[in-house]
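The chain contents come next:
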Amino acid sequence: MHPQGQVSLFSQTETQTGLFVDVVFPGPVDKSWRYAVPEEWVRQVEIGKRVQAPFGRGNRSSMGYCVAVTTEPPPVPAKPIRRVLDDLPLLSPALLQLTRWIAEYYLCPWGEVLQAVVPRPARLQAGTRERTFVEAILPPLAAPSSAALTPRQQAVYTLLLQLGRPVEWRELLRQAGCGPTVLRNLIRKGYVRQTTQRQATVTPQVAEVPSATSVQLTPAQQQALQAIETALRAGRFEAFLLFGVTGSGKTEVYLRAIEHVVRQGRQAIVLVPEISLTPQTIERFRGRFPRIAVLHSHLSDAERAGFWRQIVAGEADVIIGARSAIFAPTRRLGLIVVDEEHEPSFKQETAPHYHARDVAVKRAQLENIPVVLGSATPSLESWHNALTQRYRLLQLPKRIFDRPLPPVHIVDLRHEPTAVGRPRAISPPLEEAIRTALRAGGQVILLLNRRGFDTYILCPACGHVVQCRFCSVALTYHRDRNQAVCHYCGYETAPPHRCPRCDLPAIRHFGLGTQKLEAELNLLFPDVTKCRMDSDVMRRGQKYGPILDAFRRGDIRILFGTQMIAKGLDFPQVTLVGVVNADTALYLPDFRAAERTFQLLAQVAGRTGRGERGGRVLVQTYNPDHPCIRLAAHHDYVAFAEQELAARRALGYPPYGRMARLVVRSRRDDLAYQAAQTLAAQFRQHLQQLLQREPLAQVQILGPAPCPLHRLRNYYRYQLVVLAPKVFWRNWLIRETLAHTPPPEDVLYSVDIDPLQVL
Ligand code: ADP
Ligand code: ZN
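Since this is a predicted model, take the numbers as computed values, not measurements. (Residues numbered from 1 in each chain as written. Chains lettered and ligands numbered in written order. Predicted model: local features only at pLDDT ≥ 70, side-chain atom pairs only at ≥ 80, totals over all residues. Heavy atoms only, no water.)

### Some words on the overall build of the chain
- Helices and strands together make up the secondary structure of the chain, namely 22 helices and 30 strands.
- Since a compact globule built from 759 residues should have a radius of gyration of about 27 Å, the 30 Å found for the chain is in line with a globular shape.
- Along the three orthogonal principal directions, the C-alpha set of the chain runs to about 105 × 65 × 55 Å.
- A separation of at least 24 residues holds for 75% of the contacts in the chain among residues at least 6 apart in sequence.
- For the chain, the computed accessible surface area is about 33,900 Å², with 52% contributed by carbon and sulfur atoms.
- If the 93 positive side-chain charges of the chain are averaged to one point and the 67 negative ones to another, these points end up 3 Å apart. (Helix = DSSP H or I, 4+ residues; strand = E, 2+ residues; numbered from the N terminus. Rg over C-alpha atoms; globule rule 2.2 N^0.38 Å. Contact = heavy atoms within 4.5 Å. Areas by Shrake-Rupley, 256 points an atom, 1.4 Å probe, with all protein chains shown as cover. Lys, Arg positive; Asp, Glu negative; His and termini not counted. Charge placed at Lys NZ, Arg CZ, Asp CG, Glu CD.)

So, in structure tokens, the structure goes:
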């Protein structure tokens, strides 16, 4: 029922200010509601603030976002809002427009997007205190005799009139020397009005570092900077793809462009992947820009809310942060930079499934400013956009000082002996290379993109693989805790000694994780200081800052771990990078497997040869002839992209087709299966409707099929994939189909637009 339908006369007479607001409530309804603004809130109400208003059955007080302020009354009498909750708007008009776009593009209700975009601590106003103020107002004209003031009340009222400004409640009580009852009576009789204001109690600080001296740009850097500066001066939207090999000086280009922006009195947002948000990175920016806000996931609520308020107040010139920093409520945004734009962590894995890079481009468009996407291994989407001139390509083809990219040697594991007693993770050539590097005083980075000790537990007699109770995923043995762990849902159990299926008392462990690598390194290099870095180590409360500091000082000689160590680190003394197993992602049932493998190899190779001592890379693989491994060994991104794009085009996959993935899940397999069948039939039916409207529409509907991870967190899952060359066709089809096909009981749908993985 229309919640504005049941309005009492009383509330109408109370709200004759002629001012109305449109309010969007968090939740699944994608619609705004118009409310009246009563006198007492007229001054506070503003677009982007939250309000409390009666909503739904029983007119419960509900929190919603004010998305418009208008004098246009709704067709039916409007109920009044009850309160304005914020003293500062949480969202600027441009950001509101951006959230509207996200709602439409990612097919997520607007209220849910708003709720996801404003960080919880900012909503809770952590680190602030509410203060209550009172001020004198003119008494009602026809005051009934009951409203006459006692001498005491008269005295306080006169004092407030003389002060002529809002005074804090407690302050007034002190000055007037009276108790709270006198004030309450004055408010009740209409002589005094009460207002509240929030004030910060916590001001987050970023420690000062000495300002960095800037270097002389190379000609290639200069060219790139000039192109960006031209767009900055013109004050227009333009998307740049800054394609530069690792160590080519991309960050220096960002810094210069931001200097330009700050001189214009504007702000810049810099997005970096969460794991690159290291002290080293932050210091590089802070050295040039003291007024910086850092938004990472380890902030306390009060700090996060404090930074948010600083940004709103225009006190931060540069905002650097992970994915969600793209929603920073800057006042005059001048530039957005997305470093390592190919990183999957820019995609939010829960609803709304937005991709921060794509949101960044949209925001730049809405705010009419340039955006710079930087990478040594651009996503194929961005590369394609550059080839088709949607983005302007800027290139830094060489490393600074013409340092060569490191030579990459491939170790063919098919021909390496695995004699009994030999360690299994590190082949003889890799062992030899490590010894040589260490002997020469260099440092070593080893990549193994798998956590745990053994990656599966298998019965040699019946072939049974021990799986998670809730997921169709093999459990990984973690020796430090002596537990078998599910890497998807976190389920843990004691590892079995007998096969759970055939009861063979000799179940065995296979596969190789970082913990096993650690044990092997301890055997091979007992006297060398080394450190493991993966999310298990980090979860135990260790921070990577101190580990990286120790590595920089040379106190740690071998750093090994998962993809965490592959990205963004700049240590000139690293002369060897070893990839223990290049094949971990190669055969995942996912169309981006090759792209991921290439990126990871190219990124980790980029960690060496950054100093005068040079460096080299050894890659262990069972697939030495796989094109993506061969091309990564030659640092040949362009050839890789060409080949991979041809394969994608043949299938109509992204970036040629716009993809969406629908997952149907239920705790009961039969229900999920049935619902997926029904949904697929509905999709095909609506496709016919689309073709009647748009005879040229091309849409592929793939599936339904069980997800590669059929069971996840105790849900059985089936998926449908929709592919279309145009966003409009894809989104129209999904919106229409889902609007007419609500999920049956005990079944859930989820829609992932532009999915990064389809597991
Ligand atoms: P990228 O971001 O492409 O990996 P960086 O900007 O981090 O590259 O540059 C790599 C290294 O080279 C850094 O130590 C940086 O300080 C240095 N550097 C960058 N540009 C120059 C330059 N024009 N002259 C000298 N050193 C530079
Ligand atoms: Zn699990």
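### Considerations on the environment of Asp339
- Note that Asp339 resides in strand 13 (residues 333-339).
- Sequence-wise, Asp339 and Ile137 are 202 residues apart; in three dimensions their C-alpha atoms are separated by 54 Å.
- Sequence-distant contacts of Asp339, that is, excluding residues within four places in its chain, are made with Tyr254, Leu271, Val272, Pro273, Phe346 and Gly374.
- Within the structure, Asp339 has its side chain in polar contact with the side chain of Tyr254 (distance 2.7 Å). (Polar contact = N/O pair within 3.5 Å; in protein donor to acceptor, adjacent residues only side chain to side chain.)

### Examining the site of ligand 1
- The immediate surroundings of ligand 1 are formed by 17 residues, with Gln216, Gln221, Lys250, Thr251 and Arg284 found nearest.
- Gln216 has a polar backbone atom sitting 2.7 Å from a nitrogen atom of ligand 1.
- Here an oxygen atom of ligand 1 and a backbone polar atom of Ser248 are 3.2 Å apart.
- Computed on the free molecule, ligand 1 has an accessible area of 550 Å², of which 78% lies beneath the protein chains in the complex.
- Top element by residues in the shell around ligand 1 is helix 9 (residues 250-263). It accounts for three residues.
- Class assignment for the residues of the shell around ligand 1 results in five nonpolar, seven polar and five charged. (Near = heavy atom within 4 Å. Nonpolar A, V, L, I, M, F, W, Y, C, P; charged D, E, K, R; others polar.)

### Details of the coordination of the zinc ion (ligand 2)
- Only Cys468 (SG), Cys471 (SG), Cys486 (SG) and Cys489 (SG) from the protein coordinate the zinc ion (ligand 2), and they sit 2.2 to 2.4 Å from it.
- Coordination geometry of the zinc ion (ligand 2): the four donor atoms subtend angles of 102 to 115° at the metal centre, consistent with an arrangement described as tetrahedral.
- We note that the donor set of the zinc ion (ligand 2) lies within a single chain, spaced as C-x2-C-x14-C-x2-C.
- For Cys486, a relative accessible area of 2% corresponds to the buried category.
- Residue class for Cys489 comes out partly exposed when judged on its relative accessible area of 29%. (Donors = N, O, S within 2.8 Å, 3.2 Å for Na, K, Ca; no water. Tetrahedral: all angles 85-135°; square planar, octahedral: opposite > 155°, others 65-115°. Buried < 20%, exposed > 50% of the residue type's maximum accessible area, 1.4 Å probe, protein only.)

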